[in-house]
Amino acid sequence: PGPRRLKTTLGVQYSIMAIAQHLKLPTSYSFAASADANLIAALGRNVVIANTRTFRKIGSSHPVSHPSHACFNGDGTLLTVKSTSGRIVVLRPSDSEVLCDHSNQQEGEGSALHFSPCGKFLIDGSWAGEIYVREALRPNVVDMFQFAGEMITGVSPSGDSQLWLVTHQPRTPPGANNHDPAYLTIWQWPLTKPKKTIKPLLANIESCVLSPDGKRIALVGFDESLSRRMLQVLSISGDSLFHSPIELGGTGSVVR
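Residues numbered from 1 in each chain as written. Predicted model: local features only at pLDDT ≥ 70, side-chain atom pairs only at ≥ 80, totals over all residues. Heavy atoms only, no water.

Counting secondary structure elements, the protein chain contains 1 helix and 20 strands. Structurally, the protein chain occupies a C-alpha span of about 50 × 45 × 35 Å along its principal axes. For the protein chain, the proportion of its 256 residues judged to be buried stands at 47%. Expressed as a percentage of contacts within the protein chain between residues at least 6 apart in sequence, the contacts between residues at least 24 apart total 37%. Put simply, the protein chain shows about 13,600 Å² of open surface, and 52% of that area lies on carbon and sulfur atoms. With 24 positive and 20 negative side-chain charges, the protein chain shows a separation of 8 Å between the mean positions of the two kinds. (Helix = DSSP H or I, 4+ residues; strand = E, 2+ residues; numbered from the N terminus. Buried < 20%, exposed > 50% of the residue type's maximum accessible area, 1.4 Å probe, protein only. Contact = heavy atoms within 4.5 Å. Areas by Shrake-Rupley, 256 points an atom, 1.4 Å probe, with all protein chains shown as cover. Lys, Arg positive; Asp, Glu negative; His and termini not counted. Charge placed at Lys NZ, Arg CZ, Asp CG, Glu CD.)

What follows concerns the pattern of salt bridges. Scanning all chains against the criterion turns up 9 salt bridges. The closest approach of N and O atoms between D101 and R87, which form a salt bridge, is 2.5 Å. Note that D101 is positioned in strand 8 (residues 97-101) and R87 in the loop between strand 6 (79-83) and strand 7 (88-92), a separation of 14 residues in sequence. With relative accessibility at 24%, the residue R87 sits in the partly exposed group. Between R134 and E107 there is a salt bridge; the shortest N-O distance is 3.2 Å. You can see R134 sitting in strand 11 (residues 130-135) and its partner E107 sitting in the loop between strand 8 and strand 9 (114-115), a full 27 residues away along the chain. A relative accessible area of 3% places R134 in the buried class. On the basis of relative accessibility, which here comes to 8%, the residue E107 falls in the buried class. (Salt bridge = Lys/Arg side-chain N within 4 Å of Asp/Glu carboxyl O.)

Quick look at the confidence of the model for the protein chain now. Caution applies to low-pLDDT parts of the model: their predicted coordinates are not meant to be read in detail. Within the protein chain, residue pLDDT values average 90, and 92% of them lie at 70 or more. Confidence drops under pLDDT 50 across residues 1-10; counting only partners more than four residues distant or on other chains, this segment forms 0 contacts. (pLDDT = per-residue confidence, 0-100.)

Next up on the list: the environment of G221. For G221, the position within the fold is in strand 18 (residues 216-223). A relative accessible area of 0% means that G221 is categorised as buried. In sequence terms G221 and N204 are 17 residues apart; their C-alpha atoms lie 5.3 Å from each other.

One open sheet accounts for 4 strands, arranged 17-18-19-20; its pairing is antiparallel. Across the chains shown, the open sheet's two edge strands, defined by having one partner strand only, are strand 17 (204-210) and strand 20 (240-245). Across the sheet, the mean angle separating the axes of adjacent strands is 15 degrees when strand polarity is ignored. Relative to strand 19 (residues 228-235), strand 18 runs antiparallel, the two being bridged by 8 bridges. Across the sheet, A218 pairs through a bridge with V233, a residue of strand 19. (Pairing = 2+ DSSP bridges. Axes fitted to C-alpha atoms, helices over the stretch in contact; angles between N-to-C directions.)

Take a look at the structure:
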């Protein structure tokens, strides 16, 4: 809220960048940090885990082919990794041992995955329009919510994981030139049904995230009417607080 907090936050960010350079972490496609920033995981061909306090790599393993998403649980004792095929494994960061292989690949890559507030469950979305709640340490689906004709392209929790933001992208029907615009749903833990639906300004959402306090939504997407990529910030009620064109290169964008 104040300058001291901002200075601390930026200090943590710069420290992680410096540590990553010091450790000579390999080229990676995704990056995860524990809640206290003591542990980091770089995802490339292998999953490389390092301790930011000791400036040491803890380990490097190859639990799945083509890892694409990762997330630590609240106390940093577990790391879950998801591959481009959708396969999910849960590792123990201290020695990279696989504690659970969910052996699930039929859903495809889908969205990133996250731990529940208690750390006992995993939540993720699929290209087939399903939101899954799984036991973290057993290959067991506890609950599944189906949205036919859609892809679940984003799942984002608040800082305490009590509020959840889901990004829905309707599929283009066969023979059609256009698809329905993307929309957002807000859920509370434990997940039962959406408590709110939000239709943002941007129809094509590339990345969308809930703020740690659960009061704002930030998203990046393409505005077809302007033929521009835009950054938009919404209140949790769906009111637009800010939007502006942005210039980005590379293969895509992620907002946090």
